[in-house]
Amino acid sequence: MSDAVSDHAADGGLLEPRAVRLGEHVADRTEAVRRCGQVLVEIGAVEPSYIDAMLEREHDISTYVGEGVAIPHATAAGKQAVLRDALAVVKLAEPVDWEGNAVSVCVAIAARGDGHLAILAELAEILLDPQRARALREADGVDTVLRLLRPVTVS
């Protein structure tokens, strides 16, 4: 784990319970990305302008990683709007189309430095495990989500 990830794990982790939202209703991929960004704003991790950088990233390249999961995050230009590194999990009430893929879970990332690369690698490893990804898609409680993503939140 990178030092940036370890530092945050020591002070409570990148993913806090209030950043997990279950049963969210969105109309499409754009609204899903916006909702992820709003959660990051609500927890004090980013300024509102970060949402535009997330949408720009999604426009440039899909953040879909497989197994019904997307990892919305911003372009490099969005780093200036990051107040602290954090994750947000938005579990959708109904899957949305993500360029031909059905997405039901979004794990949003806010990172100031290059720490997002280590976070992305860890998340991809966890989420590309079909059993863990299924468990995440089916999670019905915040504690379950936190437990499933523990390798990212605890050193």
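Residues numbered from 1 in each chain as written. Predicted model: local features only at pLDDT ≥ 70, side-chain atom pairs only at ≥ 80, totals over all residues. Heavy atoms only, no water.

K.L.:
Help me understand the overall build of the protein, please; the structure alone is not making it clear to me.
P.N.:
If you tally the helices and strands in the protein, you get seven helices and five strands. When the helices and strands of the protein are read in sequence order from the N terminus, they spell out α-β-α-α-β-β-β-β-α-α-α-α. Here the protein, with 155 residues, has 50% of them falling under the buried criterion. Residue pairs in contact within the protein that sit at least 24 positions apart in sequence constitute 68% of those at least 6 positions apart. Accessible surface computed for the protein: about 7000 Å², of which carbon and sulfur atoms make up 47%. (Helix = DSSP H or I, 4+ residues; strand = E, 2+ residues; numbered from the N terminus. Buried < 20%, exposed > 50% of the residue type's maximum accessible area, 1.4 Å probe, protein only. Contact = heavy atoms within 4.5 Å. Areas by Shrake-Rupley, 256 points an atom, 1.4 Å probe, with all protein chains shown as cover.)

K.L.:
Can you help me understand the side chain of Arg 29 in this one?
P.N.:
Note that Arg 29 resides in helix 2 (residues 29-42). Of the residues examined, Arg 29 reaches a relative accessible area of 17% and is grouped as buried. Ignoring anything within four residues of it in the chain, the contact list for Arg 29 reads Glu 58, Ser 62, Val 96, Asp 97, Trp 98 and Glu 99.

K.L.:
Hey, could you run me through the pattern of salt bridges in this one?
P.N.:
Pairs may arise between side chains of opposite charge once their charged atoms sit close together. This structure, assessed with the given rule, holds 10 salt bridges. Residue Glu 16 pairs with Arg 84 through a salt bridge whose shortest N-O separation is 2.9 Å. In this pair, Glu 16 is assigned in the loop between helix 1 (3-10) and strand 1 (20-24) and Arg 84 in the loop between strand 3 (69-70) and strand 4 (86-98), connecting sequence segments 68 residues apart. A salt bridge links Arg 134 to Glu 138, with the nearest nitrogen and oxygen atoms 4.0 Å apart. Of the two residues, Arg 134 and Glu 138 both sit in helix 5 (residues 130-138), four residues apart, roughly one turn of that helix. On the accessibility criterion, Arg 134 (42% relative accessible area) is partly exposed. (Salt bridge = Lys/Arg side-chain N within 4 Å of Asp/Glu carboxyl O.)

K.L.:
What is the right way to look at the sheet that holds strand 4 in this model?
P.N.:
Within a sheet, adjacent strands bond to each other through the backbone by hydrogen bonds, running parallel or antiparallel. Taken in spatial order, the five strands line up as 1-4-5-3-2 in an open sheet, and their pairing is mixed. This sheet does not close on itself; its edge strands, each paired only once, are strand 1 and strand 2 (64-66). Pairing of strand 4 with strand 5 (residues 101-110), which is carried by nine bridges, proceeds in the antiparallel orientation. The partner of Asp 97 across the bridge, within strand 5, is Ala 102. (Pairing = 2+ DSSP bridges.)

K.L.:
Looking at this structure, I do not really get the pairing of strand 5. What am I missing?
P.N.:
Every other side chain in a regular strand lies on the same face of the sheet, so the side chains alternate between the two faces. Counting buried positions along strand 5 gives eight out of 10 residues, so the element sits mostly inside the fold. Bridge count between strand 3 and strand 5: two bridges; the pairing is parallel. Residue pairing across strands places Ala 70 opposite Cys 106, the latter belonging to strand 5.

K.L.:
Sorry, what's going on with the environment of Ala 19 here?
P.N.:
Following the sequence through the fold, Ala 19 ends up in the loop between helix 1 and strand 1. You can call Ala 19 buried: its relative accessible area is 0%. In this structure, the C-alpha to C-alpha distance between Ala 19 and Ala 88, residues 69 residues apart in sequence, is 4.8 Å. Setting aside anything within four residues of it in sequence, one finds Ala 19 in contact with Val 39, Ile 43, Leu 87, Ala 88 and Val 89.

K.L.:
So what exactly am I meant to see when it comes to helix 2 here?
P.N.:
Residues lying three or four places apart along an α-helix face the same way, a consequence of the helix completing one turn every 3.6 residues. The terminal C-alpha atoms of helix 2 lie 20 Å apart, and with 14 residues this matches the ideal 20 Å at 1.5 Å per residue to within 8%. Residues Arg 29, Ala 32, Val 33, Arg 35, Cys 36, Gly 37, Val 39 and Leu 40 constitute the buried set of helix 2. Looking at the packing, one finds that the buried side of helix 2 touches strand 1, helix 3 (49-60), strand 4 and strand 5. Capping of helix 2 at its N-terminal end is provided by Asp 28; its side-chain oxygen lies 3.3 Å from the backbone amide nitrogen of Thr 30. (Expected span 1.5 Å × (residues − 1). Polar contact = N/O pair within 3.5 Å; in protein donor to acceptor, adjacent residues only side chain to side chain.)

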